[in-house]
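Understanding the architecture of this molecule
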Amino acid sequence: MQSCGSQMWDAAFAIQAIVSSNLSDEYGPTPRKAHDFLKASQVRENLSGNFSAMYRHKSKGSWTFSIGDQGWQVSDCTAEGLKCALSFSQMSNDLVGEKMETERLYDAVNVLLSLQSNNGGYSAWEPQRVYRWLEKFNPIEFFEDTLIETEYVECTSSAIQALALFRKLHPKHRRVEIDHCIAKGARYIEDTQDQDGSWYGCWGICYTYATWFAVEALTTCGRNYNNCPALPKACKFLLSKQLPNGGWGESYLSSQNKVYTNLQGNRSHLVQTVWALLSLIGTGQGDVDPAPIHRGIKVLINSQMEDGDFLQQKHLPHMGAWRISPPHSICINVRHHWEQ
């Protein structure tokens, strides 16, 4: 079986890394070409006919994992695509080409608002609409939660971040609904935090990944170390997992056993180190005690190669090849967050 590809997901994070670097004008034609791909990849129309009778959700305005022709709307891909489109809308036409029409941004927002489940969370492809007991009929021995949609911290976070950025740039469009959606999503994230301060990740490995997304969502909503108890708890969890060399490294066994497990030999992983650092920086841990952040950043600095790139490490921190963010891209994001 061949995968549909991951072009949109990969491009979205590469775009955000370029924008975060504040060096977009040094990338030559790359921003314009990326913007052209973004515009070409958006789903422009719903399925023909009575698609709801076929139990398909609206897709106009969404982005997929791969390209528009693939057709299946995905909540976090739509959110990350919208974030990129909004970022490009603030850049000069000379650098990125013609801006995306405002109506297309509205279409993306419409999809995101429609994908939220009643509990405030976001699943991947459509809102939760059946009972969880149906999962008891799952005949597959090696995959759980395959019969029904379920909400994910990661998807919820991406949606909150995108809607918050849209609200900032377009404050009058569907404002009441967007405010309500963001508030519900934030409550869902707070309610799903584990007792140890972490969140369980389904699209990456695992607690480090989901905690990063949860922190990004809550800080986007105005929460901080002092006004949101969930954030100091998240910091305490991450600091408890920092390795002696200053990095972080989480095994896939965390996902399987639902217990945080270090990589064999207590080795650190660059990507997971970045996720943890972004979380700590975002919560305001640097104002409380910056030393753990400095130790983690030294790991990144000492791991950079002569050509500026970072080595791709053996253990993939995501649950599939389509979820990989290149180390150099997310390291740029650490620099951007730390300098703010």
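Everything in this summary refers to the structure shown in the same document.

**With respect to the overall build of the protein chain**
- A count of helices and strands for the protein chain gives 14 helices and 0 strands.
- Counting from the amino terminus, helix and strand elements in the protein chain follow one another as α-α-α-α-α-α-α-α-α-α-α-α-α-α.
- Since a compact globule built from 340 residues should have a radius of gyration of about 20 Å, the 20 Å found for the protein chain is in line with a globular shape.
- Looking at the protein chain as a whole, 52% of its 340 residues are labelled buried.
- Taking the contacts inside the protein chain whose residues are at least 6 apart along the sequence as the reference set, 66% of them involve residues at least 24 apart.
- Split by element, the accessible area of the protein chain, about 16,400 Å² in all, is 52% carbon and sulfur.

**Describing the pattern of salt bridges**
- Following the criterion strictly, the structure yields 7 salt bridges and no others.
- Note that Arg167 is salt-bridged to Asp179, the shortest N-O span being 2.7 Å. Remark: Asp179 occurs in helix α7 (residues 175-191) and Arg167 occurs in helix α6 (residues 153-169); sequence separation between them is 12 residues.
- Under the relative-accessibility criterion, Asp179 is labelled partly exposed at 28%.

**Some details on the packing of helix α5 (residues 102-114) against α6**
- Contact pair α5 / α6: the axes reach a minimum separation of 11 Å and the direction vectors enclose 140°. The pairing of α5 with α6 is recorded here as oblique in orientation. When you trace α5 past α6, the crossing you get is left-handed. Contacts between α5 and α6 involve Leu105, Tyr106, Val109, Leu112 and Leu113 from the first element and Ala159, Ala162, Leu163 and Phe166 from the second.
- The residue inventory of the contact of α5 with α6, partitioned by class, reads 9 nonpolar, no polar and no charged.

The rules we used
Residues numbered from 1 in each chain as written. Predicted model: local features only at pLDDT ≥ 70, side-chain atom pairs only at ≥ 80, totals over all residues. Heavy atoms only, no water. Helix = DSSP H or I, 4+ residues; strand = E, 2+ residues; numbered from the N terminus. Rg over C-alpha atoms; globule rule 2.2 N^0.38 Å. Buried < 20%, exposed > 50% of the residue type's maximum accessible area, 1.4 Å probe, protein only. Contact = heavy atoms within 4.5 Å. Areas by Shrake-Rupley, 256 points an atom, 1.4 Å probe, with all protein chains shown as cover. Salt bridge = Lys/Arg side-chain N within 4 Å of Asp/Glu carboxyl O. Axes fitted to C-alpha atoms, helices over the stretch in contact; angles between N-to-C directions. Parallel < 35°, antiparallel > 145°, perpendicular 65-115°, else oblique. Left-handed = near helix turned anticlockwise from the far one by under 90°. Nonpolar A, V, L, I, M, F, W, Y, C, P; charged D, E, K, R; others polar.

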